[in-house]
Amino acid sequence: MKTLQKTLIALAAGSLLSVGAQAAVSYGNGYTGQPYVGVKVGQFDLDVDGADDPTAYGVYAGYNFDPNFGMEAEFVGSDDADYRGGDLDAKTYGAYGTYRYQFPNTALYAKGKLGVAKTEVEGDYTAGTVRVSDSTSDTGIAGGVGLGYMVNPNMSIEGEYAMMDSEVDAKLLTVGAHLKF
């Protein structure tokens with residue numbers, strides 16, 4: 001991932017996380033929902049021969065309709081990984097329905113998500129004296145499971161494992177934090 005892209009993602013994430021938050025949620029009869037924004041970092045596990053697994057950086061946003069059900073959208077990109085002496089980049093764009101289970105009397109919760117994601121992988125390398133570019137892009141079913149911890153009513157941290165079913169079976173292991181407002 002280019003330095004400018006990393007900088008823009010960091011600035012966007014910092015801006016989103018610095019938004020004033022007041023997690024006064026009324027999940028009573030009014031079913032007032034709760035939006036959130038977050039950032040994540042982790043590692044892709046790509047089914048690409050001759051490629052190292054790239055580091056992943058992402059942003060996501062969601063909305064909880066009630067304590068259990070919600071929706072989430074995310075973008076995750078990668079830095080340049082070694083690919084046959086060249087570079088490999090990966091990106092995913094996803095939209096998911098989410099379910100959370102709050103463990104009783106704790107700040108821990110389990111999270112599951114299921115939806116659709118587009119995965120793009122592009123690699124460049126040199127074969128002899130010829131520069132070769134490989135790329136693939138596919139949309140498919142995606143899902144994930146995770147475990148989260150509510151630091152306070154406004155902020156949570158999550159660990160997550162996600163799978164994107166596409167031409168390049170991508171898997172993603174991330175740690176992230178999100179801010180509720």
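Our structure's up above, just so we're on the same page.
Here is a short report on the structure shown in this document. (Residues numbered from 1 in each chain as written. Predicted model: local features only at pLDDT ≥ 70, side-chain atom pairs only at ≥ 80, totals over all residues. Heavy atoms only, no water.)

### A short note on a nonpolar patch on the surface
A cluster of nonpolar residues, F65, F69, M71, Y99, Y101, F103, L108, L147, Y149, V151, M155 and I157, forms a patch on the protein surface that exposes about 1,100 Å² of accessible area. Of all the secondary-structure elements, those providing two or more residues to the nonpolar patch are β3 (69–78), β5 (86–102), β7 (130–152) and β8 (155–164). When residues of the nonpolar patch are assigned to their parent elements, the largest contribution, 3 residues, is made by β7. Here L108 shows up in strand β6 (residues 108–127). (Patch = residues over 30% accessible without salt bridge, like charges linked within 9 Å, V, L, I, M, F, W, Y side chains within 5 Å. Areas by Shrake-Rupley, 256 points an atom, 1.4 Å probe, with all protein chains shown as cover. Salt bridge = Lys/Arg side-chain N within 4 Å of Asp/Glu carboxyl O. Helix = DSSP H or I, 4+ residues; strand = E, 2+ residues; numbered from the N terminus.)

### Concerning the side chain of K113
With respect to the element layout, K113 can be found in strand β6. Among the polar contacts listed, one links the side chain of K113 to the side chain of E74, at a separation of 3.3 Å. The residues touching K113, leaving out its near neighbours within four places in the chain, are K40, E72, E74, Y96, G97, T98, A142, G143, G144, E160 and A162. (Polar contact = N/O pair within 3.5 Å; in protein donor to acceptor, adjacent residues only side chain to side chain. Contact = heavy atoms within 4.5 Å.)

### Side note on the pattern of salt bridges
When their charged atoms lie close together, side chains carrying opposite charge are able to pair. Across all of its chains, the model carries 10 salt bridges by this definition. Residues E72 and K113 are paired through a salt bridge, measuring 3.9 Å at the closest nitrogen-oxygen approach. Here the residue E72 occupies a position in strand β3, and K113 occupies one in strand β6, the gap between them amounting to 41 residues. Of the residues examined, K113 reaches a relative accessible area of 5% and is grouped as buried. Between E74 and K113 there is a salt bridge, with its nearest N and O atoms 3.3 Å apart. Of this pair, E74 sits in strand β3 while K113 is found in strand β6, placing the two residues 39 residues apart along the sequence. A single salt-bridge network, built from bridges that share partners, covers K40, E72, E74, R100, K111, K113, E158 and E160. (Buried < 20%, exposed > 50% of the residue type's maximum accessible area, 1.4 Å probe, protein only.)

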